[in-house]
Amino acid sequence: MSAPTHTPPHPASRGGVDIRLPWWALALPTLAFVVLLALILNPADAHAASGDPAVTQFLERLQQLIAR
């Protein structure tokens, strides 16, 4: 009884690595960043508990600088 012979696999190409990300792998972190940035720039929409007034003043000044 003869055993079947296996052919060796094709050698890997020596070209560059071809890694492709799905579209949502970049879109979702970008969307999350934009949403969090919008909440920081407009803290009235965040409805968070009132914090340190220094932080609030800093964010308001930052918003004024960005709006210019």
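To keep things clear, this report deals only with the structure shown in the data block.

1. Notes on the overall build of the protein
Summing up its helical and strand segments, the protein has 2 helices and 0 strands in all. Out of the 68 residues belonging to the protein, those deemed buried represent 1%. For the protein, the accessible surface area stands at approximately 6900 Å², while carbon and sulfur atoms represent 66% of it.

2. Digging into a nonpolar patch on the surface
On the surface, a cluster of nonpolar side chains totalling about 790 Å² of accessible area is made up of Trp23, Trp24, Leu28, Leu31, Val35, Leu36 and Leu39. Residue placement: Leu36 occurs in helix α1 (residues 24-41).

Definitions and limits used
- Residues numbered from 1 in each chain as written.
- Predicted model: local features only at pLDDT ≥ 70, side-chain atom pairs only at ≥ 80, totals over all residues.
- Heavy atoms only, no water.
- Helix = DSSP H or I, 4+ residues; strand = E, 2+ residues; numbered from the N terminus.
- Buried < 20%, exposed > 50% of the residue type's maximum accessible area, 1.4 Å probe, protein only.
- Areas by Shrake-Rupley, 256 points an atom, 1.4 Å probe, with all protein chains shown as cover.
- Patch = residues over 30% accessible without salt bridge, like charges linked within 9 Å, V, L, I, M, F, W, Y side chains within 5 Å.
- Salt bridge = Lys/Arg side-chain N within 4 Å of Asp/Glu carboxyl O.

Function cannot be inferred from these measures alone, as they are strictly geometric.
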